[in-house]
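# Architecture at a glance
Read off the chains here:
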Amino acid sequence: MAKTARRRQLESAALYPLDWTEERSGLVGYTKWFLFRKVPHDISWAQTLGAAALTAFLVQVVTGVVLAMYYKPDPDRAYGSVVNITENLTLGWLVRGMHKWGASVFIILLFFHMARVFLFGAYKYPRELNWIVGVLLLATGLFEGLTGYLLPFDQTAYWATVVAVNINGTAPFVGPYLATVLRGGAEIGPDTLARFYSIHMLLVPGALLGLIGLHLYLIVRLGVTSPPWSKEAAGGEPDDEPPPGRSGLVQPGPRAAGVRRRPTE
């Protein structure tokens, strides 16, 4: 059935902001490129571990922002603010529980995701760079968990942080300097809490967002790998012989060997 003039006008008015944005930014095209792409037909639930880890990270971001509105990074009031969030705020216990246990879920999913990538051989060419970015993501996520552990500033958090910082301080060469930077001095105290809070809320999340963005870009650019038992898996026998290499790239010869000369008179 043909569209009426009124319906065409309404559709044009509804799509105008989208067309205006696309013409000036190209975001719609990039969004389609990111979301709509071909994937192997034989992938399984194992390939969703990365998306699950990303979802856990987003939950951490949202709950962390809510908690930061009520948390007081002061040694005398930090624990009291955590108790106030848990016991007095509406659904505060839920938000804090999601943030506390979600941190462990995020790290566990990262390990599962990396184990799947390793077992499936998805770290091989041409995805080596994405594997390196994933390793950096795991190390940064672990550091985020370490800096957040001190923030309640109770006995458990205090002494666990003392042990963790002292272990890092035993590393060769940079260990003592790293421990001093983390403590903000010779011992763990008020400066340590302020330093851990700033690192936990600003520095490490920014690094995680940058690494996640690069990781997702490489995934979209290089595609999703098939399971090792798939006929489409990397390393299988190609259907056709690859074309011969072009002279000068993989078969170098004399510089003027391919130059066409004029016939002599």
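Residues numbered from 1 in each chain as written. Predicted model: local features only at pLDDT ≥ 70, side-chain atom pairs only at ≥ 80, totals over all residues. Heavy atoms only, no water.

Now for the overall build of the protein chain. The helix and strand tally for the protein chain stands at nine helices and zero strands. Secondary structure elements of the protein chain, listed N to C terminal, follow the sequence α-α-α-α-α-α-α-α-α. Scored against the burial criterion, the 265 residues of the protein chain give a buried share of 28%. Considering only contacts within the protein chain whose residues lie at least 6 apart along the sequence, 70% involve residues at least 24 apart. Only carbon and sulfur atoms are counted for the fraction: they give 65% of the accessible area of the protein chain, which is about 18,900 Å². (Helix = DSSP H or I, 4+ residues; strand = E, 2+ residues; numbered from the N terminus. Buried < 20%, exposed > 50% of the residue type's maximum accessible area, 1.4 Å probe, protein only. Contact = heavy atoms within 4.5 Å. Areas by Shrake-Rupley, 256 points an atom, 1.4 Å probe, with all protein chains shown as cover.)

Let us look at the layout of surface pockets. Of the volumes computed, that of the largest pocket is approximately 1,100 Å³. For the largest pocket, the lining is made up of 38 residues, of which His99, Lys100, Gly148, Tyr149 and His200 are closest to its centre. Those elements that place two or more of their residues in the lining of the largest pocket are helix H3 (49-68), helix H4 (78-87), helix H5 (92-120), helix H6 (128-149), helix H7 (155-169) and helix H9 (190-222). No other element matches H5, which puts eight residues into the lining of the largest pocket. Estimated volume of the second largest pocket: approximately 850 Å³. It is H9 that contributes the most residues to the lining of the second largest pocket, seven residues altogether. For the lining of the second largest pocket, the residue count by class is 22 nonpolar, nine polar and three charged. (1 Å grid on protein atoms, 1.4 Å probe; cavity = no way out; pocket = protein on both sides within 12 Å on 5 of 7 lines; lining within 4 Å. Points joined across faces, edges and corners; volume = space filled by probe spheres on them. Nonpolar A, V, L, I, M, F, W, Y, C, P; charged D, E, K, R; others polar.)

All right, on to helix H1 (residues 5-25) then. Because each turn of an α-helix spans 3.6 residues, side chains separated by three or four positions end up pointing in the same direction. Helix length check: H1 (21 residues) gives 29 Å between terminal C-alpha atoms against 30 Å at 1.5 Å per residue, within 8%. Maximum bend of H1: about 40 degrees, positioned at Tyr16, with proline Pro17 one to four residues after it. Looking one or two places after H1, you find Gly26, whose phi comes out positive at around 75 degrees. (Expected span 1.5 Å × (residues − 1). Bend = angle between axes of the 7 residues up to and from the residue.)

It is worth spelling out unusual backbone geometry at this point. In the segment running from Tyr125 into Pro126, the intervening peptide bond is cis, with an omega of 5 degrees. For Pro126, the position within the fold is in the loop between H5 and H6. Although it is not a glycine, Phe153 adopts a positive phi angle of roughly 55 degrees. Topologically, Phe153 is positioned in the loop between H6 and H7. One non-glycine residue, Phe173, lies in the positive phi region at around 70 degrees.

A surface patch of nonpolar side chains, about 780 Å² in accessible area, is lined by Tyr30, Trp33, Phe34, Leu35, Phe36, Leu214 and Tyr217. The leading source of residues in the nonpolar patch is helix H2 (residues 27-35), at four residues. (Patch = residues over 30% accessible without salt bridge, like charges linked within 9 Å, V, L, I, M, F, W, Y side chains within 5 Å. Salt bridge = Lys/Arg side-chain N within 4 Å of Asp/Glu carboxyl O.)

What follows is about the packing of aromatic side chains. With the rule as written, the count across this model stands at seven aromatic pairs. Summarising the aromatic geometry, the rings of Phe153 and Tyr158 are spaced 6.4 Å apart at their centres and angled 90 degrees between planes, so their arrangement reads as edge-to-face. A residue is classified by how much of its surface remains accessible, and Tyr158, at 24% relative accessible area, is partly exposed. One aromatic cluster is present, formed by Phe118, Tyr123 and Trp131 through successive ring pairs. (Phe/Tyr/Trp six-rings, centres within 6.5 Å; stacked < 30°, edge-to-face > 60°.)

Quick look at the pattern of salt bridges now. Under the defined criterion, the tally for this structure stands at two salt bridges. With a shortest N-O distance of 3.4 Å, Glu11 and Arg7 are connected by a salt bridge. With Glu11 and Arg7 both in helix H1, this residue pair falls four residues apart, about one helical turn. For Glu11, a relative accessible area of 29% gives the class partly exposed. For Arg24, the salt bridge goes to Glu23, with nearest N and O atoms at 3.6 Å.

Atomic detail in the predicted coordinates should be set aside for any region of low pLDDT. Of all residues in the protein chain, 86% attain a pLDDT of 70 or more, and the chain-wide mean is 86. The least confident element of the protein chain is H2, whose mean pLDDT is 80; the most confident is H3, at 97. (pLDDT = per-residue confidence, 0-100.)

Moving on: the environment of Ile107. Structurally, Ile107 can be placed in helix H5. Once the C-alpha coordinates of Ile107 and Ala53 are considered, the two residues, 54 residues apart in sequence, prove to be 7.9 Å apart. Discounting chain neighbours no more than four positions away, the residues touching Ile107 are Gly141 and Leu142.

For Gln60, the position within the fold is in helix H3. Assessed through its relative accessible area of 12%, Gln60 is described here as buried. If near-sequence neighbours (up to four positions away) are discounted, Gln60 is found in contact with Met98, His99, Gly102 and Ala103.

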